[in-house]
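What the coordinates show
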Amino acid sequence: MKEFQLIMPVFQTKAIFLLCIKSLLETILYPTELIIINDGTGFDCISLIYENLKVPSLIKFQYIFHPVSAGCPKSINQGLAYIREDTYVAFIDSDIIFNANWQNTVIETLDDSNIGAVSGIFLYPQSEGIQCCGIAYQDYLARHVYLNNKEENLHLSPVFDVQASIFAFLAMKSNIIHETGFLDENFFNGYEREMDFGTGI
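Residues numbered from 1 in each chain as written. Predicted model: local features only at pLDDT ≥ 70, side-chain atom pairs only at ≥ 80, totals over all residues. Heavy atoms only, no water.

Section: the overall build of the protein
The secondary structure content of the protein amounts to 6 helices and 10 strands. For the protein, the C-alpha radius of gyration of 17 Å lies close to 17 Å, the compact-globule estimate for 201 residues. For the C-alpha atoms alone, the extent of the protein along its principal axes is close to 45 × 40 × 35 Å. Across the 201 residues of the protein, 41% fall into the buried class. Within the protein, contacts between residues separated by at least 24 positions form 75% of all contacts whose residues are at least 6 apart in sequence. (Helix = DSSP H or I, 4+ residues; strand = E, 2+ residues; numbered from the N terminus. Rg over C-alpha atoms; globule rule 2.2 N^0.38 Å. Buried < 20%, exposed > 50% of the residue type's maximum accessible area, 1.4 Å probe, protein only. Contact = heavy atoms within 4.5 Å.)

Printed below as a string of structure tokens:
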């Protein structure tokens, strides 16, 4: 049986969090465990979900609470402690909107033995231009590839290689997690933006 475990750190407003969760719950096709790490957000995430949304029987929750923000890497590492064997694992931000059939796309992609991890194409909701679908490096600079392009104009195959994938949604099989270990908790989330302005590497 195909099973998913999703790790979601939350440092977010209620309205945006609910938009994200609503789209997630409406697109679940397989048994899914959502591991929510409330990283200092000033509300109870689980209560908010049950008070406002219909929760499908396919989904169950694990909930970790931080009274103050501990940061993304530490939050994800706490979620990784729940990862089991033979699941599809994804790190997800609490402000993305899920399209239908995303779980099947993840399964089809990761079942290719040559692919270790997969991300997605992120679109700006206002313009539907590409916000991010990978990162390319040159010297000390990092750039989002195809920034602001329209997805239909790229003429790319469904799967294409990038130098770095997007951490807002990054999926892999659980054996990759067990082989590579946890995240470096000194990692600065958003480092490529710092590099764009020449203030860090």
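Let us keep going from here.
Quick notes on the packing of aromatic side chains
Here the structure, examined in full by the defined rule, presents 9 aromatic pairs. Pairing Phe-17 with Phe-43 gives two aromatic rings, centres 5.8 Å apart and planes at 50 degrees, and the pair type is tilted. Remark: Phe-43 occurs in the loop between β2 (32–39) and α2 (45–52) and Phe-17 occurs in helix α1 (residues 14–25); sequence separation between them is 26 residues. Phe-43 carries the same exposure label as Phe-17, and that label is buried. (Phe/Tyr/Trp six-rings, centres within 6.5 Å; stacked < 30°, edge-to-face > 60°.)

Thoughts on the pairing of strand β8 (residues 135–138)
With 4 bridges connecting them, β8 and strand β9 (residues 141–144) associate as antiparallel partners. Following the sheet pairing, Ala-136 is matched in β9 by Arg-143. (Pairing = 2+ DSSP bridges.)

What about the environment of Ile-97?
Here Ile-97 shows up in the loop between β4 (88–92) and α4 (102–110). Classification of Ile-97 by relative accessible area gives exposed; the value is 55%. Through-space distance from the C-alpha of Ile-97 to that of Tyr-137 is 27 Å; in sequence the pair is 40 residues apart. Excluding its chain neighbours within four sequence positions, the residues that come into contact with Ile-97 are Leu-19, Cys-20 and Ser-23.

Notes on the state of the cysteines
One pass over the structure, following the stated rule, counts 0 disulfides. The closest cysteine sulfur to the non-disulfide-bonded Cys-45 is located on Cys-20, 11 Å from its own sulfur. Counting only cysteine sulfurs, Cys-20 is the nearest neighbor of Cys-72, a cysteine outside any disulfide, at a range of 13 Å. (Disulfide = S-S within 2.5 Å.)

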